[in-house]
Amino acid sequence: MENFETSIAELLEEEAVGLSDELQSFEAWDSLTVLSIIAFCDSEYSVPLSAEEIEGSGTVSGLKDLIESKM
């Protein structure tokens, strides 16, 4: 999962993100961003995620752990 944080930062329209950052705290966080993360996870990692799973992951680290648990 090299470059995971960089990719998530791009999706969230941020320079950088930290693993402890709350996903919902980002200004760009909305339903379109959630859909972009779903598409990103499917294309990059072949991991299908639901919007509920992403919302429930809470932080960047939680999202990373969720993806890794499904790989």
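Residues numbered from 1 in each chain as written. Predicted model: local features only at pLDDT ≥ 70, side-chain atom pairs only at ≥ 80, totals over all residues. Heavy atoms only, no water.

1. Some thoughts on the nonpolar core
So the rule is basically this: Residues belong to one nonpolar core when they are buried, are Ala, Val, Leu, Ile, Met, Phe, Trp, Tyr or Cys, and are joined through side-chain atoms within 4.5 Å. Only protein chains enter the accessibility calculation, which uses a 1.4 Å probe. A residue is then buried if its area is under 20% of the maximum for its type, exposed if over 50%, and partly exposed in between. Put simply, DSSP marks the helices as runs of H or I at least four residues long and the strands as runs of E at least two long, and each gets a number from the N terminus on. Contact definition: two residues touch when any of their heavy atoms are within 4.5 Å.
With 20 residues, the main nonpolar core has Phe4, Trp29, Leu49, Leu63 and Ile67 as its most contacted residues. For this core, the secondary structure elements donating two or more residues are helix H1 (4-11), helix H2 (31-45) and helix H4 (60-69). Per-element accounting of this core gives the leading share, 5 residues, to H2. Other than its neighbours up to four places away in sequence, Trp29 contacts Leu12, Leu23, Gln24, Val34, Ile37, Ile54 and Glu55.

2. Looking at the packing of aromatic side chains
Each aromatic ring pair is summarised here by two numbers: the centre-to-centre distance and the angle between the ring planes. Rules: Note on aromatic contacts: the rings of Phe and Tyr and the six-membered ring of Trp form a pair at centre separations within 6.5 Å, being stacked when their planes are under 30 degrees apart, edge-to-face when over 60 apart, and tilted otherwise.
What the rule picks out here adds up to 1 aromatic pair. Measuring from ring centre to ring centre gives 5.5 Å for Phe40 and Tyr45, while their planes differ by 90 degrees; the resulting arrangement is edge-to-face. The class of Phe40 is buried, set by a relative accessible area of 12%. On the basis of relative accessibility, which here comes to 15%, the residue Tyr45 falls in the buried class.

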